[in-house]
Amino acid sequence: MAAVTIDSLLQNPTLVFRPKAKVLLKPPRSLDCSRNRKLPLSRGSCLCSFNPRRTIHVVRASSSETALIGNFDISSSDDILYKDIFPVKRIEKVEGKFFIRLDRSKDQHDWQLTVGCSLPGKWILHWGVSYLGDSGSEWDQPPKGMRPPGSIPIKDYAIETPLKKLSEGDIFHEVKIDFNPISEIAAIHFVLKDEETGAWYQHRGMDFKVPLVDYLEDDGNIVGAKRGFGVWSGALQQFSNVLLKSEASHADSQNNSIESKDSKNKNRCLEGFYEEQSIVKEVSVGNLVSVAVRKSPETGKVIVCLETDIPGDVVVHWGVCRDDAKIWEIPAAPYPPETTVFKNKALRTLLQPKATGNRSGALFTLDEEHFGFLFVLKLDENTWLKFKENDFYVPLLGTSSVPGQYGQSDSTSEEISSKSYTDGIINEIRNLVSGLSSEKSQKTKKKEVQESILQEIEQLAAEAYSIFRSSITTVPDEVVSETETTKPAVKISSGTGTGFEILCQGFNWESHKSGRWYMELKEKASEISSLGFTVIWLPPPTESVSPEGYMPKDLYNLNSRYGTIDELKELVKSLHEVGMKVLGDVVLNHRCAHFKNQNGVWNIFGGRLNWDDRAVVADDPHFQGRGNKSSGDNFHAAPNIDHSQEFVRKDLKEWLGWLREEIGYDGWRLDFVRGFWGGYVKDYFEASGPYFAVGEYWDSLSYTYGEMDHNQDSHRQRIVDWINATNGTAGAFDVTTKGILHSLCPQTGNHYLMFLILGSGKM
């Protein structure tokens, strides 16, 4: 596939690409998952729905698992009108131990760093080293001989090594790193990641840092007892320090050549240590909620039985409704024990422990006039349980013993009800026919009776046929014939198109100056399409600090220097009418803030996505972010967004979906994708489902003494690595070929050069 700019087509000035600052790569450490600002519910909020249009789950009958329900005083299964047992999941915190140990290896010559964790999970050590003379906090990859088996390099700055149990009986998963103390390595840096939950564990918001020399500056993340530091108290408290003093000496004559490189290094004296702390992991736990409905033969009232095996105090937030609008109301008394009124809209009942087993439950007595029973479960101020994101709903009128299944939708219930009704009609017809044809009936019944039976059969048959016809979608014959002759469409993989697209860059660096670029481009839509272009790349649509659009501010404000949101919609519609796909230029790496923090730094956002400084990466000193470290290169002109934060990814996925729906974009051109891990791109594309997408992975070619190197494979490999990180859901501009062609034709402007699109695959 090829792409060219629209300059030559519309006689506009030369496109000048903005320069990007060359910065060091940073490890992709999306640490501290607890910083998610968007909890499912805020304090004191309620999950129940008072909106009559909301879809609410109907509890259906009929699980054979009656163990939970059986403890209620239900004399016979014939009395049960509805019953079901529903699986629910909740988050529970599990505590374990995490340790760090530095001591001599078995051969007593090298040293060994061991990191272990007692909690179950898929633990990964994300680590690297710093060398003598390094400045700053950047990592480097360790020497290959230092990497344990199973280690995987992460680009050129870190290593990931899985923690493993040495034997089945071991409590700890651990990893051991052997190293020679007489080396150029000054410190080992690491963070711990749980692959199952995506959680990262770090030290005071920074890396764990194990110094191998005794003169490193203590920047707050040092671990271990080092001469000059004293005994470190621990990262997350509850540390116990047991110092294992070593008698290591590095005055050996064979090391003189190394020691001479750094006069301080000759005083290096490692001290062994062991440090242990508590570590907490959030795990998903499955429980059951059982519901049964019966009618009291003595009082005629409806009794709802609810029980669960969730431990601790469980509160049922409940109410009733009078029709299928499902509007919550408070029923008349009596109420179960421990019941309170909530804002005159619902009741709250604390479930009572059962005499046997670790279960709790309650009985709710309701009048026959109520149409349904609604509820959700409240575990604490911030934890509510629903079923498949909907309130539980139990029908109280017209109940029957028709069996159901877990989690069926309302449409399934209607299907069951319809099937039962039609089965009843069929049975009635069969009974009538049997009675009509029997010899005894023929002798005893008069002709008038037989005719009456035949008429009833005809009516039942007509009713059954009407139900049958209403359940089948009728399609005109001409549509059917056309469908049968139509060839199946080519299956398109999301983000990669067909492979035969020709992309046109529909703007240049000067296009914003007219103030009506969208309308100018709309007038050229037919002409552009006639030249053979199948996809067009439009400029960044959002409000931006820079007029070109690459310093976005309020992502939902699409009134830019190129035109208004309505003009953009008109343009996209016109391009679609001439058969072209449209790409939106989205800047996900960085975003300009609306407000300053208490230190006067611009890192607080406004608009619909009113993020705070937790959405900003922590390792860009310009913007004092409280997020995790960047997973790529920082773009220092604006706050870099921390894509490891769940609330950030959720908001960006919603925004991309909104752009697809509201504007009609068919795909994306991604700006500055060097700034964040390609795996996040995969997540965004799976949510937004683009027809075609291309990333701008633009960095410098390899040069020696000012001359471009002949071999640029490493440069192209970096682009391919990014494509692979997206799992092949996007292509990328072949900047390598562009750079080579530009060096061959130095007088040629960028707008005359062709950009190829690299597909997925490994080099």
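Each remark here, short or long, concerns the structure printed above.
Everything numeric here is computed off the predicted structure, so don't read it as measured data.

*Asks:* For this particular structure, what's the right way to read the pattern of salt bridges?
*Replies:* For the structure on display, the rule yields 29 salt bridges. One salt bridge connects aspartate 683 with arginine 649, and the closest N-O pair in it is separated by 3.7 Å. Here arginine 649 lies in helix H10 (residues 646–662) and aspartate 683 lies in helix H11 (residues 678–688), a separation of 34 residues in the sequence. Aspartate 683 serves as the salt-bridge partner of lysine 653, at 3.5 Å between the closest nitrogen and oxygen. Of this pair, lysine 653 sits in helix H10 while aspartate 683 is found in helix H11, placing the two residues 30 residues apart along the sequence. Put simply, Asp585, Arg669, Asp671 and Glu696 are held in one network by salt bridges that share partners.

*Asks:* Looking at this model, I keep getting lost on the side chain of histidine 126. Mind explaining?
*Replies:* By the secondary structure assignment, histidine 126 is in strand E5 (residues 123–131). Relative accessible area serves as the criterion here: at 0%, histidine 126 is assigned to the buried category. A polar side-chain atom of histidine 126 sits 2.8 Å from a polar atom in the side chain of glutamate 160.

*Asks:* Just checking my understanding: could you explain the pairing of strand E4 (residues 111–117) for this structure?
*Replies:* Consecutive residues of a regular strand have side chains that alternate between opposite faces of the sheet. Taking burial as the measure, the 7 residues of E4 include 7 buried ones, the bulk of the element. Residues Trp111, Leu113, Val115 and Cys117 point to one face of E4 and Gln112, Thr114 and Gly116 to the other, with burial holding for every one of them. Relative to E4, strand E3 (residues 80–104) is paired through 7 bridges, and the arrangement is antiparallel. Bridging across to E4, aspartate 103 finds its partner in glutamine 112.

*Asks:* Honestly, the environment of valine 223 in this entry has me stumped. Any pointers?
*Replies:* Position of valine 223 relative to the elements: it lies in the loop between strand E11 (208–211) and strand E12 (240–244). Sequence-wise, valine 223 and aspartate 207 are 16 residues apart; in three dimensions their C-alpha atoms are separated by 9.9 Å.

*Asks:* So what exactly am I meant to see when it comes to the packing of aromatic side chains here?
*Replies:* Under the definition given, this model contains 24 aromatic pairs. Here the aromatic rings of tryptophan 318 and phenylalanine 373 are separated by 5.5 Å at their centres, their planes lie at 35°, and the arrangement is tilted. Here phenylalanine 373 lies in strand E20 (residues 372–380) and tryptophan 318 lies in strand E15 (residues 315–321), a separation of 55 residues in the sequence. The same class applies to tryptophan 318 and to phenylalanine 373, which are both buried. Centre to centre, the rings of tyrosine 518 and tyrosine 562 are 6.3 Å apart; their planes meet at 35°, and the pair counts as tilted. Pair noted here: tyrosine 518 is in helix H7 (residues 517–523) and tyrosine 562 is in the loop between strand E24 (535–537) and helix H9 (565–577), with a separation of 44 residues, a long-range link. The two residues tyrosine 518 and tyrosine 562 agree in class, both being buried. Just above the ring of tyrosine 556 sits the side chain of arginine 608; from NZ or CZ to the centre is 4.0 Å.

Here is what the cut-offs are and how they apply
- Residues numbered from 1 in each chain as written.
- Predicted model: local features only at pLDDT ≥ 70, side-chain atom pairs only at ≥ 80, totals over all residues.
- Heavy atoms only, no water.
- Salt bridge = Lys/Arg side-chain N within 4 Å of Asp/Glu carboxyl O.
- Helix = DSSP H or I, 4+ residues; strand = E, 2+ residues; numbered from the N terminus.
- Buried < 20%, exposed > 50% of the residue type's maximum accessible area, 1.4 Å probe, protein only.
- Polar contact = N/O pair within 3.5 Å; in protein donor to acceptor, adjacent residues only side chain to side chain.
- Pairing = 2+ DSSP bridges.
- Phe/Tyr/Trp six-rings, centres within 6.5 Å; stacked < 30°, edge-to-face > 60°.
- Lys NZ or Arg CZ within 6 Å of the ring centre and 35° of its normal.

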